[in-house]
Amino acid sequence: MLKGRSILLGITGSVAAYKSIDLIKRLKQEGASVKVIMTGASQRFITPLSIELAAGDKIYTDMFEAPLSHISLPAGADLFIIAPASADIIGKYANGIADDMLSTTLLAYSGKVIIAPAMNWRMYENPIFRKNLNYLASLGIKAVGPDRGSLACGEEGVGRMADIEKIMESIITSLTVQDLAGEQVLVTAGPTREYIDPIRYITNRSSGKMGYALAAIAKRRGAEVTLISGPVSVIPPDGVDVVTVGSAREMRTAVMEALPMSSIFIMSAAVADFMPVDVRDSKIEKKERLQLNLVKTRDILEEVGALKSKPFTVGFAAETGHRLDRARKKLLGKDMDMIVFNDVSRKNAGFDVDTNEVVILDRGEEKKLPLMSKKDVAVAIFDRILELKENRL
Ligand code: PMT
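Since we're looking at a predicted model, the values are computed, not measured. Per chain, residues are indexed from 1 in the order of the written sequence. In view of the model being predicted, local features appear only for residues whose pLDDT reaches at least 70, and side-chain atom pairs are presented and counted only at 80 or more, with totals across whole chains, interfaces and linings using the full set of residues. Heavy atoms from the whole structure form the basis of all side-chain values; hydrogens and water molecules are not counted.

Draft legend 1. Up close: the packing of helix α1 (residues 20-29) against helix α3 (residues 48-55). Contact pair α1 / α3: the axes reach a minimum separation of 9 Å and the direction vectors enclose 15°. Judged by the inter-axis angle, α1 sits roughly parallel to α3. Remark: the crossing between α1 and α3 carries right-handed chirality. Residue-level inspection shows Ser20, Ile21, Ile24 and Lys28 of α1 in contact with α3, the latter providing Ser50, Ile51, Ala54 and Ala55. Residues are grouped as follows: nonpolar covers Ala, Val, Leu, Ile, Met, Phe, Trp, Tyr, Cys and Pro; charged covers Asp, Glu, Lys and Arg; every other residue, Gly included, is treated as polar. Of the residues assigned to the contact of α1 with α3, the class counts are five nonpolar, two polar and one charged. Every angle, taken between N-to-C directions, lies between 0 and 180 degrees, and every axis is a line fitted to C-alpha atoms, over only the stretch in contact when it is a helix. A run of H or I in DSSP counts as a helix once it spans at least four residues, and a run of E counts as a strand once it spans at least two, with each numbered from the N terminus. An angle counts as roughly parallel when it lies under 35 degrees, as roughly antiparallel when it exceeds 145, as roughly perpendicular when it falls between 65 and 115, and as oblique in every other case. Crossing handedness is defined as follows: a turn of the near helix away from the far one that is anticlockwise and smaller than a right angle gives a left-handed crossing, while the clockwise case is right-handed. Note on definitions: a residue-residue contact is assigned when non-hydrogen atoms from the two residues lie within 4.5 Å.

Next up, the structure:
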C-alpha cells in the first residue's frame, strides 16, 4: 500500500515511544522508506539504537550534527507522522516554535502531517492544549486518537496513543487517491441467523472479512460508508457507520432503509436462504428425530434489482466449482450491474480466510483475478465499479 512512499517519523517523549518500533516495522512492511527524528525526551523512553535497528537507517536527533538537515530531510517526504506526539511538540508546532531537530524540521515541512497525541487525560483536556490542537486541525493537520484506556500514571481516561493499525490506516488513507469522494457506499457483510428456538439457529458460513474489507477500502478512498453486518467478530473500520442485524428479515429492513441514500450497493453478506416457518419461544426438547419446516427467506438483491430507481448494484455468487454460468444467471436474474463470482471450494478463497480468488462479471466483460488479499479484491471491485460508472455518464 505504501510502496515507493517516503515517510518521516517524529518520536517525542511519551511512554508510548516504544510502540514506534512496531510502527516503523509496519511502514516498512507496506513498502515505505522511513526516516526517523527523535527528540531528547523520547530518548529517555527508548534508545536511538533500538529505533535505528528497526529503521535500518541513521536516526536524526541533533540539529547541528549535519548542517541544513532540517531542510534536506523533509524535502522528498510524502508524509510526516509524529507518533507519539506529546503536548510539548503539539504546542510548539501550533505556535511556530523551532528549538530542536524535530520542531525545526516540522516547521520547514509543507506536506501532509499526521499527529498521534499521547498524554495524561488532564493535559489532553486542558483548554490551552485544546486550542493548540484545534488550531492545527484548522490548518488541515490530522490527529489520530488518542484513545480511552489505562494511562501510564495508572489512571483511566482519554490519552493513550491510538493503535498502530489505526495510525497505519490514517497514513494509508492520507496517501490514497480519494476517487470515491461523494459516493455513499452501502455494504452488507457476514451471515444471518434464523432462530429455531431461543437456543438454536440455522445460518450460512461467513466471517464478514470480505464485506469489512470492502467497507474499509471504500472509506479509505473517500466514500461515506454504511456497513450492515450480521454477527461477526471482525473489528469494523474507523469512520464507518455500522448497523448490526441478526436475521435475514432484519438485514432486509436495514438495507431498504439505507438504500435511498446510497449510490453504490454491494451485497457480500451470506444471507440464510431458509428460515423456520415458526420460531419456538421455549427450548425444543431433545429427541431422536426432529423435522424442521423451513421456508425461503426474501431475496434482498432480487427485491433491490426490481426497483425502478436503485444504486449501482453489486452482488456476490458463492459457488462450489467453476460455475460462472450460475453467477451470470444471478447477475441477469436479479438485474444487477455487476457480480463477483466466488468459488468457495478453492484453497485460501471464500469463507474465513484473509484471501480470495474471484471473477468480476458485468453485463459486458469477465475479469478473472488471481489469489490476493480480500483488501486487494475490494480495491479491484471498486476500480471496476468506477470504470463502469464513468462509462455510463
Ligand atoms: O465473510 P467471509 O468469510 O469473508 O466470506 C466471504 C463470502 C464467501 C461470504 C462472500 O465472498 C460471498 O460470496 N458472499 C455471498 C454469499 C451468498 O449468499 O451467495 P449466493 O450465491 O447464495 O447469493 C447470491 C447473492 O444474493 C449474494 O449477493 C447474496 O448476498 C444475495 N442474497 C442471497 C439470499 C437472500 N435471501 N438475499 C440476498 O440478497
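Draft legend 2. Up close: the domain arrangement of the protein. The split of the chain into domains comes from an automatic or database domain assignment. Partitioning the protein into structural domains gives domain 1 (6-174) and domain 2 (184-392). Taken together, the contact pairs four residues of domain 1 with four residues of domain 2. A pair is scored as a salt bridge if a Lys or Arg side-chain nitrogen falls within 4 Å of a carboxyl oxygen belonging to Asp or Glu. For the pair domain 1 and domain 2, the interface holds two salt bridges. For Lys166, the salt bridge goes to Asp238, with nearest N and O atoms at 4.0 Å. N or O atoms within 3.5 Å of each other form a polar contact, as long as, within protein, one can give a hydrogen and the other can take it, and as long as residues adjacent in sequence are counted only when both atoms are side-chain atoms. Linking domain 1 with domain 2 are one residue pair in polar contact (both at pLDDT 80 or more), by the criterion used here. For the side of domain 1 that touches domain 2, the per-class residue count stands at one nonpolar, one polar and two charged.

Draft legend 3. Expanded view of the side chain of Asp343. Mapped onto the secondary structure, Asp343 falls in strand β18 (residues 338-343). For every residue, the accessible area (1.4 Å probe, protein chains only) is compared with the maximum for its type, and the residue is labelled buried under 20%, exposed over 50%, or partly exposed between those bounds. When charges are counted, Lys and Arg are positive and Asp and Glu negative, with His and the chain ends excluded. One buried charged residue, Asp343, remains without a salt bridge, the closest side chain of opposite sign being Arg346 at 4.5 Å. Of the polar contacts made by the side chain of Asp343, one reaches the backbone nitrogen of Gly321; its length is 3.0 Å. The contact partners of Asp343, leaving out residues within four places of it in the chain, are Glu319, Thr320, Gly321, His322, Ala349 and Glu357.

Draft legend 4. Examining the packing of aromatic side chains more closely. For Phe, Tyr and Trp, rings pair up if their centres lie within 6.5 Å, where Trp contributes its six-membered ring, and each pair is then called stacked (planes under 30 degrees apart), edge-to-face (over 60) or tilted (otherwise). Inspection of every chain in the model, using the stated rule, returns three aromatic pairs. Look at Tyr195 and Tyr201: their rings are 5.2 Å apart centre to centre, the planes differ by 70°, and that puts the pair in the edge-to-face class. Overall, the relative accessible area of 34% leaves Tyr195 in the partly exposed class. On the basis of relative accessible area, Tyr201 is assigned to the partly exposed category, the value being 34%. For the cation-ring pair, Lys58 lies above Tyr60, with the distance from its terminal atom to the ring centre recorded as 5.0 Å. Only when the NZ atom of a Lys or the CZ atom of an Arg is both within 6 Å of the ring centre and within 35 degrees of the ring normal do we say a charge sits over the ring. The ring of Tyr124 is capped by Arg130, whose NZ or CZ atom sits 4.2 Å from the centre of that ring.

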